[in-house]
Amino acid sequence: MKLETKALKAALAQARLAVGKHSTMPILRCVKITGYPSQGAWIEATDLENLCRIIVPGDTFGEAPMLCDLKELSDAMKGAKAEMTEIVLDDGKIDISNGFSVLRRIQPEKADEYPTMPDLPSARNYVDRVELLKALTHIMPCMSRDPSRYNLNGIQVKRHRGGLRLAASDGHRLACDFLPNCEIEGLEHSGGDKKGEIIVPMGFWNALIPQLKRPHSSRELRFGLDLKTLVATKDQTSVACRLIEGEFPNIAQVVPKDFIPNTMTVSGIEWKTHLEDAMPSLKKGKGEYHVVVIEMGGDDPEECPQISSGDNLPKRHIPVLEIEQGTERIKLGINPSFLLDAIKGMNGGIVKISVPNPPEPKSGEERKPDVMSPILLTNDNSPGFTVVMPCRP
């Protein structure tokens, strides 16, 4: 087969996102290349949970699939400069040629040992890739990376008021965003007991994001769904996954519903800069940070709000655009990494941070200023929101 070099390199880069890097099965570190005379070649890779299929334009002769190590093939293609690359299975070896140069001879694996690729559901429903990328940028930092919390290792997709609601949580925070006026056909029948909602694994989104970021490409992304598989197709690339079976947290129980008396309206860009400057002094280990304390309220409004973290971050005033606060002093302890992720995901603009009052003391106990209820962050650029559980100050 003779394939377009530029398209083949891009396909191999995309396939790397689906190959089972940490799998104990060496066969999953390979890509399957199958020629179709009317289409070119299919490049396929899987880790048994996610699948990537890319069509590479070119001329093919014969449909016998070839299976070769992805890293070895990618390394061989680094030296390819000519417009077309020739891949030939000859005498039990795969010859990779570009122009007048033979780049490498590769020992193929047995194609019949590779997992059978499923038939993918038809992708008929359109979603705006730019809007989807904005939503994923907002909510993906809140997705759990803990393999023991399998039902949180993905994003919940749910029908919501004529569109889609996307949500992610790691148990300490939760983020939601919305895609209006779009639909995934079949979603109303999916989700087991909870019709109209599915949980899509992290690997699917990681493989899809490079397609969403491609400049100068169509804004249209197509989705398709059957009972256990979701597929997204853009241009010549399809990404598919097996859905997560499990229960996602009830968002209605997490999001504060009552009137929240203390709010700060801040510049997202300004707060992002302040937090990034403070992060090195707050770090105490790999992925761990000292809790920061935000103080609001009190008799002297000129003193508040303030932020501090013991000796790691001396008490300082916080720049705010507008503030509504009561006369009672309150303290909010929060993981600075969670706060920074939430503000980054809101793409700048004006961010509103809503903080509830401390709990009412029990009879005979002294009132404490510590806030223990979730705080809510919203943004003027997006209908989405983030909820963060506080820490003890």
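Here we summarise the structure given alongside this text. (Residues numbered from 1 in each chain as written. Predicted model: local features only at pLDDT ≥ 70, side-chain atom pairs only at ≥ 80, totals over all residues. Heavy atoms only, no water.)

**A short note on the overall build of the protein chain**
Summing up its helical and strand segments, the protein chain has seven helices and 28 strands in all. C-alpha atoms of the protein chain, sized along the principal axes, occupy 85 × 45 × 40 Å. Residue burial in the protein chain is summarised as follows: out of 393 residues, 49% are buried. If you take every contact in the protein chain between residues at least 6 apart in sequence, the share linking residues at least 24 apart comes to 65%. For the protein chain, the centre of its 49 positive side-chain charges and the centre of its 53 negative side-chain charges are spaced 3 Å apart. (Helix = DSSP H or I, 4+ residues; strand = E, 2+ residues; numbered from the N terminus. Buried < 20%, exposed > 50% of the residue type's maximum accessible area, 1.4 Å probe, protein only. Contact = heavy atoms within 4.5 Å. Lys, Arg positive; Asp, Glu negative; His and termini not counted. Charge placed at Lys NZ, Arg CZ, Asp CG, Glu CD.)

**Things to note about the environment of R16**
Assignment of secondary structure puts R16 in the loop between α1 (5-15) and β2 (30-36). The class of R16 is partly exposed, set by a relative accessible area of 38%. Between the C-alpha atom of R16 and that of I353, which follows or precedes it by 337 residues, the distance is 39 Å.

**Here's the deal with helix α4 (residues 202-213)**
Between its first and last C-alpha atoms α4 spans 17 Å; for twelve residues at 1.5 Å apiece the expected length is 16 Å, and the two agree. Among all positions of α4, only M202, F204, W205, A207, L208, I209, Q211 and L212 are buried. (Expected span 1.5 Å × (residues − 1).)

**Considering the packing of helix α3 (residues 129-139) against α4**
Contact geometry for α3 and α4: axes closest at 10 Å, N-to-C directions at 130°. Here α4 runs oblique to α3, going by the angle between their axes. For the pair α3 and α4, the sense of crossing is left-handed. Across the interface between the two elements, R129, L132, L133 and L136 of α3 pack against W205, L208, I209, Q211, L212 and K213 of α4. (Axes fitted to C-alpha atoms, helices over the stretch in contact; angles between N-to-C directions. Parallel < 35°, antiparallel > 145°, perpendicular 65-115°, else oblique. Left-handed = near helix turned anticlockwise from the far one by under 90°.)

**Comments concerning the packing of helix α6 (residues 268-282) against helix α7 (residues 336-344)**
Running from N to C, α6 and α7 point in directions that differ by 150°, and their axes come no closer than 10 Å. One way to sum up the angle between α6 and α7 is to call them roughly antiparallel. Considering the relative orientation of α6 and α7, their crossing is left-handed. Within the contact between the two elements, α6 uses G268, W271, K272, L275, E276, M279 and L282 and α7 uses P336, S337, L339, L340, I343 and K344. Of the residues belonging to the contact of α6 with α7, the class tally is eight nonpolar, two polar and three charged. (Nonpolar A, V, L, I, M, F, W, Y, C, P; charged D, E, K, R; others polar.)

**Structural notes on the sheet that holds strand β25 (residues 330-334)**
Read across the open sheet, the four strands follow the order β23-β22-β21-β25; overall the sheet is antiparallel. Looking at the sheet topology across the chains shown, the edges are occupied by β23 (313-317) and β25. Neighbouring strand axes in the sheet, compared pairwise and without regard to direction, differ in orientation by 20° on average. In the sheet, strand β21 (residues 292-296) pairs with β25 via five bridges, with the strands oriented antiparallel. Looking across to β25, one finds that E295 is bridged to K331. Sitting on the sheet, α6 is in contact with β21, β22 (306-309) and β23, with an inclination near 165° to β23. (Pairing = 2+ DSSP bridges.)

**Some words on the environment of V292**
Locating V292 in the fold gives a position in strand β21. We classify V292 as buried; its relative accessible area is 1%. Separated by 108 residues in the primary sequence, V292 and I184 have C-alpha atoms spaced 41 Å apart. Setting aside chain neighbours within four positions, we find V292 in contact with L282, I307, S308, S309, L313, L332, G333, I334 and P336.

**Here we look at the pattern of salt bridges**
Enumeration according to the criterion identifies 17 salt bridges in this entry. Each member of the salt-bridge network shares a partner with another, and the members are K71, D75 and K78. (Salt bridge = Lys/Arg side-chain N within 4 Å of Asp/Glu carboxyl O.)

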